[in-house]
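Take a look at the letters that make up each chain.
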Amino acid sequence: MSALHSVDSAESPIPKRIKLDIDEKTTSEDSIHNDLNDLSSFNIKSVLSNNTNLKRLILRGTFDSKEGDAVVILQKTAFEEEDLASYKNHFTDTNPLEKTFQNDIYGDYKYFADKDLSVIKTTVIHPATEKHIIKFSTQKLYIVDETPAIYKEVVLPQLTDESLHLQWVYNIIEHKSEVERIIFEDTDPDNGFVMLPDLKWNGHINTLYLLAVINRRDIKSMRDLTGNHLELLRNIKKKGVEAIKAKFGLDESRLRIYLHYHPSFYHLHIHFGFLQHDAPGILTEKAHLLSQVINNIELLPDYYQKATIPFVVRENDVLCKKLQEHGVLNIS
Ligand code: M7G
């Protein structure tokens, strides 16, 4: 059984979350997700990105008789050690090996595995906006040192105009979507949060990737954090770690707990990942460890209002153009 399945198990040691009424649907009746059973109605328009390291292909296209563009993300999943015992069941004479070549003691083959060994995690976004298309397209990246003045004068106005919609976040904190996926919840309006699997997680512990979404709506990103939020941050760290220990048996010392700057979604959330999984977005130009963030604020309550914080902008982001217009970014 995958870890994701065990999230729902009745014997969970995690404090029970409040029983919720999930009758209220937030998806419309003509949503593509109501009856999408295969991809035969998907028409590919272009490849937005092909990441050979992540083995992830992102396509732009349309669905037959549906308005608007779609983004389809196909990602090959990692092997799981916990499934080791079941591998033997896959090694049958109905799963052929096709030899590519042999040389001395070395043989190279293609192995045609059963469908559950060759699952492709698939995310469908429909209707996708132009911002989604830009977010998922391969683009040139530029790094910018964001001073408080640049944030206030150039970045912040752009965020307010351009950021991705937060409806999915509100659906989580209002218990309108993904209710059955909640791993832990603290309902305190100021310091509480909802912890659940990130959309990117395939449910196996060695790629653990969870999201803690705060209940309050007044903190966009790390930039807004002050001494007034220490209790919130400490609460998320403490209870998030306890929940993961109880549910997945992983100690705090085996977790990478961090924030993104800039995030894609401007409602404060914290990423909890397995330390030995190289999740996307853990590089130094984007990830800020929660323990470091807490310590910086302990030393200086308005640290994040005073600090220069580097971040990466992509060439097709409207912000990239704005930064050039203001002379912050010079692209030759
Ligand atoms: P981020 O740091 O704002 O952006 O993280 P990133 O995409 O650059 O990391 C937002 C996180 O929310 C990402 O890891 C997404 O995979 C995740 N996410 C996005 N959506 C739309 C959903 C969703 O509907 N449900 C869940 N559970 N996670 C989501």
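In the block above lies the structure referred to throughout.
Residues numbered from 1 in each chain as written. Predicted model: local features only at pLDDT ≥ 70, side-chain atom pairs only at ≥ 80, totals over all residues. Heavy atoms only, no water.

With that out of the way, let us pick up the nonpolar core. Soluble, globular proteins show a tendency: their nonpolar side chains are buried together. The biggest cluster of nonpolar side chains holds 53 residues, and the ones touching the most others in it are Phe 272 and Leu 323. With 8 residues, helix H6 (residues 230–248) is the single largest residue contributor to this core. When near neighbours in sequence (up to four residues on either side) are disregarded, Leu 323 contacts Val 144, Ile 150, Val 154, Val 155, Phe 311, Val 313, Val 328 and Leu 329. Judged by nonpolar contacts, the second largest core, of 12 residues, contains Leu 166, Ile 172, Leu 211 and Val 213. (Core = buried A, V, L, I, M, F, W, Y, C linked by side-chain atoms within 4.5 Å. Buried < 20%, exposed > 50% of the residue type's maximum accessible area, 1.4 Å probe, protein only. Helix = DSSP H or I, 4+ residues; strand = E, 2+ residues; numbered from the N terminus. Contact = heavy atoms within 4.5 Å.)

Surveying the vicinity of the ligand reveals 17 residues, the closest of which are Glu 178, Asp 198, His 260, Ser 264 and Lys 286. Backbone polar atom of Pro 197 to a nitrogen atom of the ligand: 3.0 Å apart, as the coordinates give it. For the shell around the ligand, the secondary-structure elements that each account for two or more residues are strand S10 (209–214) and strand S12 (269–274). Broken down by class, the residue content of the shell around the ligand amounts to 7 nonpolar, 4 polar and 6 charged. (Near = heavy atom within 4 Å. Polar contact = N/O pair within 3.5 Å; in protein donor to acceptor, adjacent residues only side chain to side chain. Nonpolar A, V, L, I, M, F, W, Y, C, P; charged D, E, K, R; others polar.)

The subject of this paragraph is helix H7 (residues 290–299). When we look at burial in H7, the residues that qualify are Leu 290, Val 293, Ile 294, Asn 296 and Ile 297. On an axial view of H7, the arc spanned by its buried residues comes to 160 degrees, and they lie on one face. Looking at the buried positions of H7, the neighbouring elements they touch are H6, strand S11 (255–260), S12, strand S13 (287–289) and helix H8 (303–306). (Arc of directions from axis to C-beta.)

What the 6 strands build is an open sheet, ordered S8-S9-S10-S12-S11-S13; its pairing is antiparallel. Each edge of the sheet is formed by a strand with only one pairing partner; in this case those strands are strand S8 (184–186) and S13. With direction set aside, neighbouring strand axes in the sheet form an average angle of 30 degrees. Two strands pair when backbone bridges link them, and S10 and S12 are joined in this way by 5 bridges, in the antiparallel orientation. Bridge pairing in S12 links Val 213 to His 269. Docked against the sheet, H7 engages S11, S12 and S13, running at close to 65 degrees with respect to S13. (Pairing = 2+ DSSP bridges. Axes fitted to C-alpha atoms, helices over the stretch in contact; angles between N-to-C directions.)

Strand order in this open sheet of 4 strands is S1-S2-S3-S6, and the pairing throughout is antiparallel. Edge positions in the sheet fall to strand S1 (42–51) and strand S6 (120–125), since each of these pairs with one other strand and no more. Recorded for the sheet is a direction-independent mean angle of 20 degrees between the axes of neighbouring strands. Alignment of strand S3 (residues 69–76) against S6, held across 6 bridges, turns out to be antiparallel. Its bridge partner lying in S6, Leu 74 is registered against Thr 122.

Attention now goes to a nonpolar patch on the surface. Residues Phe 91, Leu 97, Tyr 109 and Tyr 111 make up a contiguous nonpolar surface patch of roughly 420 Å² in combined accessible area. Looking at the element boundaries, Tyr 109 is found in strand S5 (residues 106–111). (Patch = residues over 30% accessible without salt bridge, like charges linked within 9 Å, V, L, I, M, F, W, Y side chains within 5 Å. Areas by Shrake-Rupley, 256 points an atom, 1.4 Å probe, with all protein chains shown as cover. Salt bridge = Lys/Arg side-chain N within 4 Å of Asp/Glu carboxyl O.)

As a further point, take the packing of aromatic side chains. How two aromatic rings sit relative to each other is set out by the distance from centre to centre and by the angle between their planes. If you walk through the whole model with that rule in mind, you get 6 aromatic pairs. Above the ring of Tyr 170, the side-chain terminus of Arg 217 is found at 4.0 Å from the ring centroid. (Phe/Tyr/Trp six-rings, centres within 6.5 Å; stacked < 30°, edge-to-face > 60°. Lys NZ or Arg CZ within 6 Å of the ring centre and 35° of its normal.)

Next up on the list: the pattern of salt bridges. Scanning all chains against the criterion turns up 16 salt bridges. Between Glu 174 and Arg 217 there is a salt bridge whose closest N-O contact spans 2.5 Å. On the criterion of sequence distance, the pair formed by Glu 174 in the loop between helix H5 (167–173) and S8 and Arg 217 in the loop between S10 and H6 is long-range, its members being 43 residues apart. Asp 317 is paired through a salt bridge with Arg 314; the nearest N and O atoms lie 3.5 Å apart.

A few words now on the packing of H6 against H7. Two elements in contact, H6 and H7, have axes separated by 10 Å at closest approach and are oriented at 155 degrees. Taken as axis vectors, H6 and H7 run roughly antiparallel relative to one another. As H6 runs across H7, the sense of the crossing is left-handed. For the pair H6 and H7, contact is made by Leu 230, Leu 233, Arg 234 and Lys 237 and by Leu 290, Ser 291, Val 293, Ile 294, Ile 297 and Glu 298, respectively. (Parallel < 35°, antiparallel > 145°, perpendicular 65-115°, else oblique. Left-handed = near helix turned anticlockwise from the far one by under 90°.)

Below, the discussion takes up H6. In a regular helix each residue adds 1.5 Å, so 19 residues correspond to 27 Å; H6 covers 26 Å between its end C-alpha atoms and thus fits that length. Residues of H6 that are buried: Leu 230, Leu 232, Leu 233, Asn 235, Ile 236, Gly 240, Val 241, Ala 243, Ile 244, Lys 247 and Phe 248. (Expected span 1.5 Å × (residues − 1).)

So, on to the side chain of Asp 317. Along the chain, the position of Asp 317 falls in the loop between strand S14 (309–314) and helix H9 (318–325). Those residues in contact with Asp 317 that sit more than four places away from it in its chain are Ile 134 and Gln 139.

Right, let's talk about the environment of Phe 265 for a bit. Tracing the backbone through its elements, the reader meets Phe 265 in the loop between S11 and S12. Assessed through its relative accessible area of 18%, Phe 265 is described here as buried. Expressed as a C-alpha distance, the spacing of Phe 265 and Ser 221, which sit 44 residues apart in the sequence, is 8.5 Å.

By themselves, these are just geometric observations and shouldn't be taken as functional.
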